[in-house]
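Survey of secondary and tertiary structure
Residues per chain, in single letters:
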Amino acid sequence: MGTPSWNSVMVTRRLPDELRGLETLCKNLWWCWNDNAKLLFKTVDPELWHSSGHNPMVILDKVSLKRYKQLAGDVSFLSMLRAVMTEFNAYMALKSKRTDPKIAYFCMEYGLDTSLKIYSGGLGILAGDYLKESSDMNVNMVAVGFLYRYGYFTQKLTPQGNQVAQYDAQDFLRTPAEPVLDENGEWKIIQLKFPWRTLHARIWKVAVGRTDLYLLDTDFEANTPEDRQITHQLYGGDWENRLKQELLLGIGGIRVLRSLGIDAQVYHCNEGHAAFIGLERLREYVSSGAYNFDEALEIVRSSGLFTTHTPVPAGHDAFEEGMLHKYLDEYPRLLGIDWDTMMALGKINAYNKEEKFSMSILAANISQNVNGVSMLHGKVSQEIFSNMYPGYLPEELHIGYVTNGVHYPSWASHAWKMLHSTVFGEAFKTHHYDKRCFEGIYNVPDEQIWKTRKEMKRDLLRAIAERLTDPSVSSHYSPRQVVTIAETMRPDVLTIGFARRFATYKRATLLFRDLDRLDAIVNNPERPVQFIFAGKAHPADGMGQDLIRQIVEISKQPRFIGKIVFVPGYDITLAKRLVQGVDVWLNNPTRPLEASGTSGEKAAMNGVMHFSVLDGWWVEGYKPGCGWALPQESTYEDDNYQSELDSATIYTIIENEIAPTYYKVDKNTGLSATWIGYIKNTIAKVASEFTTNRMLTDYCERYYLPLAERYGKLTADNGALAREIAAWKRQVTDEWNNIRVLSFTRPDATYILSEADPMRSEVVLDLGRLKPEDIGVEILFTVSDKTGKQHISEHREFKLESFENGVARYTVETVPERTGLYQVGTRVYPRNPLLPHRQDLPLVKWL
């Protein structure tokens, strides 16, 4: 009797009727890029807003009943709530106005807000921005991903500067993800057949404005302990766990959509992780009984887009064939093909058992179009995928590009957005605008520009001081050092930021190759400079973690304390502070390993100039008067020599160009007119070109609309056109090796340029059962660059002169445009106007 007796009681919130709108708002991430909505939640409890990391779900859970009663009777707050709800409801009402095409988007990670930890870095942030833009532009898109229990790690630093990766379990009830229920109120679950067991995955939904994001979660009791871990960590576990993740994302992702009654006209695979969507879609068409494998492949390809983000071959996921046997053993039977035919979808040589099955090759083979994420990366991707199409030079491949952009409302500061709204025009608010509206920044007085920049920098320095004094994330500086840093950093000092993933190719320590010269720069009595670093290294990347430790150690030296600072706990919130608050954004990757990069684009939205190697997006973005650039081409093959040159160039540009311009202040106005001009140029000429608004418009015009149109044609009349193309491809493939060259007259090895006497060539072919219209013959003139790579200078089609008894005679006469040494080749290729591009059937016969 005397011992305490306890029982558990769960108390859940129920908001007063007057405040029910808060419940609606907190469950739609629209709030995270709407400043009025953010102010509304901050007003509920400013301290909780701050301590929760700006998480409305946490705020509404922790606010006291007394405070709720106060708010329910607060006329001013209720007026603010009504205004935000009116704006939100008007925004959401337009969802019913969305039109075709319907796009299904698949990605392993989405960086939407710090309250939903399902992202690790650039790929996820880009995907998150993309969904927000699809909502703003009211594009008919649905997305699929994972709800990770632990997400990506939280970064802490030890006193020695060592990175500690802390994985905190997410409380899903405090995220905007909601269970998807069936008509009986039961949780919707999809299933995959795994060896000797069935994998179950629950479906959650996150409302990203008007765009729905469906997330899969395996961490519940229906699964084995091993399978529960599939959605524990982003990119976690061994290769078998990675395969299970990618099977779930691809095959499971399609099943999610079907369970919800969702079909699409375009399937966008954002990186190769989701490529198994192709296998599942093929299975659907074949199992319907209406199509064989070849016909199904035509339909699947016609509606597929694969975006690659990886600039090096080693970065593409690939799995051992034996591991695939374990999980996909029954798929060939379901597809009506043999194992090697299925393996050919992800291999160069299906019969080579040692070759791994590449997810990127699979994605390319099940997609009509492939694109890189910047102009330069498009060219790099052509090189990477060139072994899939050996009959063509890399530059001929169908691989295009759409340069990444960033979501303006998410990354531009409130102060800049208020300023822009006065000069960008009314159309800008509709998200359907002419990007030249950014030129309105030239109408803003210099004083206003400078005031806004200073305000942003002060906010940044306050945030840094607060983070460095938080022992839960920061112990790499002693209390005395933290005080020195706070006293030393000033808003009137030129501030350069560097923050990103600490991969070795990013060359984070390039700035520190000559410490004495760096000392002279940061401690210049007339033109001082301060540097702010932040970023994470992958927990398995020891070299990346070493870079962080080196920077921390250097920043503690007496001559650098408070002049060079490393800020821990890099996340979306800190990233926003940095890109909004610094004066210059530094980026110095090893060429050409930056596929795109978007941090500098985020900075540009806030008038922050970019200083970078000409790589990734900056190749297209750089303009004199808008930032600074290191050359695109390397001077040395030796990376160490090149880094030494690049670091010296960085010092020189800071000393001779950046710092003098910043400090060139008019004594009467207190302003640097030249610097402010750079800020305006950056917004007008750079920021305008690198928004997700432009990016999504490019995807719609270059890919989504043409793909949807082709998909419609191939599926019309019960797939008549798909059957016709598949039958033609089968015939050409079967007959290809039967084409015989009966005679071939090459152009003369020496030739004097003359229109009166053109170069001539003749080819006579026995086409077997093929027709002349099935075949194209062309002559190519190539030149070699300094690296020995061939590039097409000219090409001419042969003309069919005669066709009799299966024998076709082709001739060509041509006059090269200019003199010089050419490599000349002639090839035969399949030709059909129904093909979207030449690599759709990449057979080639060189003569």
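On a predicted model such as this, the values are computed, not experimentally measured, just so you know. (Residues numbered from 1 in each chain as written. Predicted model: local features only at pLDDT ≥ 70, side-chain atom pairs only at ≥ 80, totals over all residues. Heavy atoms only, no water.)

When you go through the protein chain residue by residue, the secondary structure sums to 28 helices and 28 strands. Its C-alpha atoms give the protein chain a radius of gyration of 30 Å, near enough to 29 Å, the size a compact globule of 847 residues would have. Burial status across the protein chain gives 58% buried among its 847 residues. Contacts in the protein chain between residues at least 24 apart in sequence constitute 72% of all its contacts with a sequence separation of at least 6. Accessible area of the protein chain: about 35400 Å², with a carbon and sulfur share of 51%. Between the mean site of the 96 positive side-chain charges and the mean site of the 106 negative ones, the protein chain shows a separation of 5 Å. (Helix = DSSP H or I, 4+ residues; strand = E, 2+ residues; numbered from the N terminus. Rg over C-alpha atoms; globule rule 2.2 N^0.38 Å. Buried < 20%, exposed > 50% of the residue type's maximum accessible area, 1.4 Å probe, protein only. Contact = heavy atoms within 4.5 Å. Areas by Shrake-Rupley, 256 points an atom, 1.4 Å probe, with all protein chains shown as cover. Lys, Arg positive; Asp, Glu negative; His and termini not counted. Charge placed at Lys NZ, Arg CZ, Asp CG, Glu CD.)

What follows covers the environment of A687. Mapped onto the secondary structure, A687 falls in the loop between α27 (673-686) and α28 (692-736). Separated by 86 residues in sequence, A687 and E601 have C-alpha atoms that sit 6.6 Å apart. If sequence neighbours within four positions are ignored, A687 has contacts with F438, A604, M605 and T682.

Attention now moves to α28. In this model α28 runs just 44 Å from its N-terminal to its C-terminal C-alpha over 45 residues, more than 12% under the 66 Å that 1.5 Å per residue would give. The largest bend along α28 measures about 120 degrees and falls at N718. (Expected span 1.5 Å × (residues − 1). Bend = angle between axes of the 7 residues up to and from the residue.)

Now for the environment of S421. Within the secondary structure layout, S421 lies in helix α18 (residues 414-421). Assessed through its relative accessible area of 32%, S421 is described here as partly exposed. In this structure the C-alpha to C-alpha distance between S421 and I441, which are 20 residues apart in sequence, comes to 9.9 Å. A polar side-chain atom of S421 sits 2.6 Å from the main-chain carbonyl oxygen of M418. (Polar contact = N/O pair within 3.5 Å; in protein donor to acceptor, adjacent residues only side chain to side chain.)

Glancing now at the pairing of strand β24 (residues 790-797). Of the strand pairs in this sheet, strand β23 (residues 775-784) and β24 are connected by seven bridges, and their pairing is antiparallel. Its bridge partner lying in β24, L780 is registered against H795. (Pairing = 2+ DSSP bridges.)

A few words on unusual backbone geometry. A cis amide bond links D100 with the next residue in sequence, P101, at an omega value of 5 degrees. The topology assignment puts P101 in the loop between α6 (75-93) and β1 (103-106). Phi is positive for R507, close to 50 degrees, though the residue is something other than glycine. Note that R507 resides in the loop between β15 (494-499) and α21 (515-522). One non-glycine residue, N718, lies in the positive phi region at around 55 degrees. Relative to the helices and strands, N718 is located in helix α28.

Time to look at the packing of aromatic side chains. Enumeration over the complete set of coordinates arrives at 39 aromatic pairs. Ring plane angle 40 degrees and centroid distance 5.4 Å describe the contact between F498 and F533, whose orientation is recorded as tilted. Residue F498 is found in strand β15, and its partner F533 is found in strand β16 (residues 529-534); the two are separated by 35 residues along the sequence. Per residue, the accessibility class of F498 equals that of F533, and both read buried. Taken together, the ring pairs connect Y105, Y110, Y130, Y699, Y703 and Y704 into an aromatic cluster. Above the face of the F172 ring, R149 is positioned so that its terminal group lies 3.9 Å from the ring centre. (Phe/Tyr/Trp six-rings, centres within 6.5 Å; stacked < 30°, edge-to-face > 60°. Lys NZ or Arg CZ within 6 Å of the ring centre and 35° of its normal.)

Another aspect to go through is the pairing of β16. Taking burial as the measure, the six residues of β16 include six buried ones, the bulk of the element. What you see with β16 is no split at all: V529, F531 and F533 on one side and Q530, I532 and A534 on the other are buried throughout. Bridging between β15 and β16 involves six bridges; their strand directions are parallel. Bridging from a neighbouring strand, T495 pairs with Q530 of β16.

For the rest of this paragraph, the subject is the nonpolar core. Counting residues in each nonpolar core, the largest one holds 169 residues, and the members touching the most others are L19, L22, Y105, Y110, L213, F276 and Y704. Ranked by residues supplied to this core, first place goes to α28 with 15 residues. Contact partners of L213, with chain neighbours within four places excluded, come to Y110, L112, I118, L131, A143, V144, G145, W204, K205, V206 and V208. One finds I125, L460, A499 and A575 within the second-largest nonpolar core, a separate group that totals 97 residues. (Core = buried A, V, L, I, M, F, W, Y, C linked by side-chain atoms within 4.5 Å.)

Another point: the sheet that holds strand β20 (residues 627-630). Across the sheet, which stays open at both edges, the six strands sit in the order β17-β16-β15-β18-β19-β20 with parallel pairing between neighbours. For this open sheet the edge positions go to β17 (564-567) and β20, each flanked by a neighbour on one side alone. Sheet twist, expressed as the average angle between the axes of neighbouring strands with direction ignored, equals 20 degrees. Bridge count between strand β18 (residues 584-587) and strand β19 (residues 609-613): four bridges; the pairing is parallel. Each residue of the ladder has a partner; that of L586, found in β19, is F611. Contacts from α27 reach β15, β18, β19 and β20, with the element oriented near 80 degrees to β19. (Axes fitted to C-alpha atoms, helices over the stretch in contact; angles between N-to-C directions.)

Reading across from one edge, β24-β23-β27-β28 is the order of the four strands in this open sheet, with antiparallel pairing throughout. Across the chains shown, the open sheet's two edge strands, defined by having one partner strand only, are β24 and β28 (845-846). Here strand β27 (residues 823-830) pairs with β28 via two bridges, running antiparallel. Paired with V828 across the strands is K845, a residue of β28.

Under the defined criterion, the tally for this structure stands at zero disulfides. In this structure C269 is a free cysteine whose sulfur lies 8.9 Å from that of C107, the closest cysteine sulfur available. Exposure remark for C269: the relative accessible area of 1% places this residue in the buried category. Not part of a disulfide, C700 finds its nearest cysteine sulfur in C107, a span of 17 Å. (Disulfide = S-S within 2.5 Å.)

One pass over the structure, following the stated rule, counts 59 salt bridges. In this structure, E330 and K193 form a salt bridge, with 3.6 Å as the shortest nitrogen-oxygen distance. In this pair, E330 sits in the loop between α12 (321-328) and α13 (331-335) while K193 sits in strand β6 (residues 189-194), placing the two residues 137 residues apart along the sequence. Look at E330 and you get partly exposed, because its relative accessible area is 29%. With a shortest N-O distance of 3.1 Å, K353 and E321 are connected by a salt bridge. In this pair, K353 is assigned in the loop between α14 (339-343) and β12 (357-358) and E321 in helix α12, connecting sequence segments 32 residues apart. Beyond isolated ion pairs, a larger network of salt bridges with shared partners links R197, E226, D227 and K244. (Salt bridge = Lys/Arg side-chain N within 4 Å of Asp/Glu carboxyl O.)

Before going further, it helps to spend a moment on the packing of helix α9 (residues 239-259) against α12. How two helices pack is summed up by the angle between their axes together with the distance between the axes. One can describe the packing of α9 onto α12 by two numbers: an axis separation of 11 Å at closest approach and a directional angle of 45 degrees. Classed by the angle they form, the pair α9 and α12 counts as oblique. For α9 against α12, the interelement crossing comes out right-handed. Between α9, through W239, E240, L243, K244, L247 and I251, and α12, the contact on the second element is made entirely by M323, L324, K326, Y327 and L328. Tallied by class, residues from the contact of α9 with α12 come to eight nonpolar, no polar and three charged. (Parallel < 35°, antiparallel > 145°, perpendicular 65-115°, else oblique. Left-handed = near helix turned anticlockwise from the far one by under 90°. Nonpolar A, V, L, I, M, F, W, Y, C, P; charged D, E, K, R; others polar.)

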